[in-house]
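# Reading the structure
Listed here are the chains, written in short residue letters.
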Amino acid sequence: MARMETSSNLEAELDRLLEIERFDPPEEFREHALLADRSVYEEAERDWQGWWLSQAKELSWFKEPTETLDDSDPPFYKWFADGKLNASHICLDQHVEAGNGERVAFHWRGEEGEERDLTYADLHRDVQRFANALKELGIGKGDIVGIYLPMIPEVVVAMLACARIGAPHNVVFGGFSADSVRERMEFSEAKALITVDGARRKGKTAPIKQQVDSVMADLDTIEHIIVVKHTDAECEMKDGRDVWYHEVMEKADTECPAEELDAEHPLYVLYTSGSTGKPKGVLHTTGGYLTGVASTHRYVFDLHPDEDVYWCSADVGWVTGHSYIVYGPMANGATSVMFEGAPDYPHKGIWWELCERYGVTIFYTAPTAIRACIKWGTEHVEKFNLDKLRLLGTVGEPINPKAWLWYHKVVGGERCPIVDTWWQTETGQIMITPLPGIVSTKPGSATFPYPGIAATVVDEREGKELEPGEPGLLVLTRPWPAMLRTLYREDERFIEQYFSKFGKETYLVGDGARKDEDGYFWIIGRIDDVVNVSGHRLSTAEVESAIVSHQKVAEAAVIGQSDEDTGQAICAFVTLEGDLEGTSELEQEIRDHVGSRIGKFTRPKRIIWADDLPKTRSGKIMRRLLRDIAEGRALGDVTTLRDPDVMSQLEDKIKAEQAEDD
Ligand code: WTA
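Now for a look at the structure at hand. (Residues numbered from 1 in each chain as written. Predicted model: local features only at pLDDT ≥ 70, side-chain atom pairs only at ≥ 80, totals over all residues. Heavy atoms only, no water.)

### Digging into the overall build of the protein
When helices and strands are tallied, the protein shows 21 helices and 30 strands. In terms of overall size, the protein behaves like a compact globule, its C-alpha atoms giving a radius of gyration of 25 Å where 662 residues would be expected to give roughly 26 Å. Taken over the C-alpha atoms alone, the protein extends approximately 70 × 65 × 65 Å along its principal axes. The buried share of the protein, reckoned over its 662 residues, is 61%. Long-range contacts, defined as pairs at least 24 residues apart, comprise 71% of the intrachain contacts of the protein with a sequence gap of at least 6. Treating the 73 positive side-chain charges of the protein as one cloud and the 116 negative ones as another, the clouds have centres 1 Å apart. (Helix = DSSP H or I, 4+ residues; strand = E, 2+ residues; numbered from the N terminus. Rg over C-alpha atoms; globule rule 2.2 N^0.38 Å. Buried < 20%, exposed > 50% of the residue type's maximum accessible area, 1.4 Å probe, protein only. Contact = heavy atoms within 4.5 Å. Lys, Arg positive; Asp, Glu negative; His and termini not counted. Charge placed at Lys NZ, Arg CZ, Asp CG, Glu CD.)

### Section: unusual backbone geometry
Backbone torsion omega between Pro74 and Pro75 reads 5°, so that peptide bond is classified as cis. Position of Pro75 relative to the elements: it lies in the loop between β1 (69–70) and β2 (78–79). Following Tyr345, the chain continues into Pro346 via a peptide bond in cis, with omega recorded as 0°. Its place among the elements puts Pro346 in the loop between β17 (335–339) and α13 (350–358). In this structure, Arg489 takes a positive phi of about 60° despite not being glycine.

### Section: the pattern of salt bridges
Enumeration over the complete set of coordinates arrives at 50 salt bridges. We note a salt bridge from Arg357 to Glu115, for which the minimum N-O separation is 2.5 Å. Linking Arg357 in helix α13 with Glu115 in strand β5 (residues 115–119), this pair joins segments that are 242 residues apart in sequence. Classification of Glu115 as partly exposed rests on a relative accessible area of 37%. Salt bridges linked by common partners bring Glu21, Arg22, Lys442, Asp516 and Asp518 together as one network. (Salt bridge = Lys/Arg side-chain N within 4 Å of Asp/Glu carboxyl O.)

### So, the pairing of strand β28 (residues 553–563)
Among the eleven residues in β28, eight count as buried, and that is most of the element. In this sheet, strand β29 (residues 567–576) lies alongside β28 in antiparallel orientation, the contact comprising ten bridges. Bridged to Ala556 within β29 is Val574. Counting the residues between successive antiparallel strands, the hairpin from β28 to β29 contains three residues. (Pairing = 2+ DSSP bridges.)

### Quick look at the environment of Thr583
Relative to the helices and strands, Thr583 resides in the loop between β29 and α19 (584–597). Separated by 253 residues in sequence, Thr583 and Met330 place their C-alpha atoms 51 Å apart.

### Things to note about the side chain of Thr602
Topologically, Thr602 is positioned in the loop between α19 and β30 (606–609). Given the relative accessible area of 0%, Thr602 is considered buried. A polar contact is formed between the side chain of Thr602 and the backbone oxygen of Gly599, at a distance of 2.7 Å. (Polar contact = N/O pair within 3.5 Å; in protein donor to acceptor, adjacent residues only side chain to side chain.)

### Description of the pairing of strand β14 (residues 266–272)
The element β14 is extensively covered by neighbouring structure, given that six of its seven residues are classed as buried. Pairing between strand β7 (residues 169–171) and β14: two bridges, direction parallel. The residue of β14 that forms the bridge with Asn170 is Val269. The sheet contact formed by β14 and strand β15 (residues 280–285) spans six bridges and is antiparallel. Within β15, the residue paired with Tyr271 across the bridge is Gly281.

The values reported here are purely geometric and, on their own, carry no functional implication.
Below is the structure:
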């Protein structure tokens, strides 16, 4: 009874908050904030390149740059090109040299409650050893190194060791399947792969090394596989190719000075989904990237490195983990929390338990996680003392106002500003966001471009700037330091994808958006065939090709359908071979097939058996109609279809399916 009362009180409170249009930065927050004065926007506007140079100079360079932006060959921009630096030196040595070696870089927490505190000095030591171990294995400047590891400290050591010797890393999210790892290693011609014997997931162990072995045998470019021993999962070690991480560490020299690299030296490749089936290798370089992530991490999260405890709950395998678990926070000497597990293991309040335990002051997560917490119930949050929290953040997808308000009230106790940060793998750094001591927020809006950034909303045809309120395409009209430099080995695709629609100086984002009367940006969502499931970016074409590779499938069309929990969910229309009948067993088989081809998180939530798919006369599948039908909307124009009857058959099917569900 008592709980019901609380939840109806909460509903009433949220309804009250729903009436508030803007949330001003709390006075207490402003007083302590690094930036509390609007003039920073004006200063950056007066000389945006100069502003970025001032941000670059906050880093510790071997040779400070005198050049800012080289825009002589758009869209191939260069930033700070005559500077020399090393990401691992910036993330480690400078802190140790400044006497902050004993500061904790990560409070690591394992799934079963294990704890390890890693200081900057600890990581400095391990990274040097591992960098030497990589060199011993013949890996050097310019070689690509794959990393397929769970959320364990070794993943940070691996990334920074690569950076230290100038070997760009290519991290693959642990939720992707071994097949996906192989594909990404093949595309990037990786020379080595760093992985793990087994990964823990909610009390179970996945035999990662075995899975990797089953697909990697004939990939000749991989000369070495380095295996971290993390569980007791059985695995074979292939003579001459495989080595144990702990063994090479033991043998390695302790000193490895960081290579002095050019600002434009590649730091990493990260594969992300595009509108075709082939993932895009987004390439980031060193000087501009670090400038962008360190500056935004400092000011968007108002970081006071000697006081704050910061936690970004993403996985290192996504760009959020690269920029805001590793490079941004470590460049700034932050103390962070790193958690191996899932938000509901061993219990649904684990995140909040850890916030209390480590005294987290800044918490950054995805809207989908917030919606899950709402569903699990407020009591899991309220059990823990979250008084130390002072700033909250979100990323990955638009946040619905109700989830925003719940986050604000239940987690933030109505005293923490929320920074809704919009950006992409390609942008490398946060682009549209509130500055928490300055900008009044409106729930659901990412507010304004970060100082130095220029964004606008244009019409699809001519690229003309739209009036407030009109939805259109989001574009970025100036280069920025952490921007992708190209798609790895696919310069043409890079131009075509981002810099062809409105010319070589306008970056096409791929999101729809509108600005309101006050200039606030509201992101609507993707306009291409990219879907966002629980903040994970996926391409419908990639899922389609995985489904079609099942021997019983003739054809498939995949769409993203709105979903209360995951933002979007994958819905697949599948046509079977010959006169095969769709059964629930086959449905499961196809889902599992997609799981093993790409990764479990990409399994379709819903499969609809279709005798035929709606196609234009030229044979193109009309996904727009499939989206309408899946969401129960009135159908748009069907006159261009080769066979308009297809749609009515599908409609009947969906009605029958719904009748069954009821
Ligand atoms: C979406 C994740 C609304 C957007 C950092 C973008 C967002 C895609 C937000 C990039 C936000 C990210 N509000 N939508 N605050 N943040 N998105 O590359 O559609 O995994 O294009 O990078 O996520 O996803 P990616």
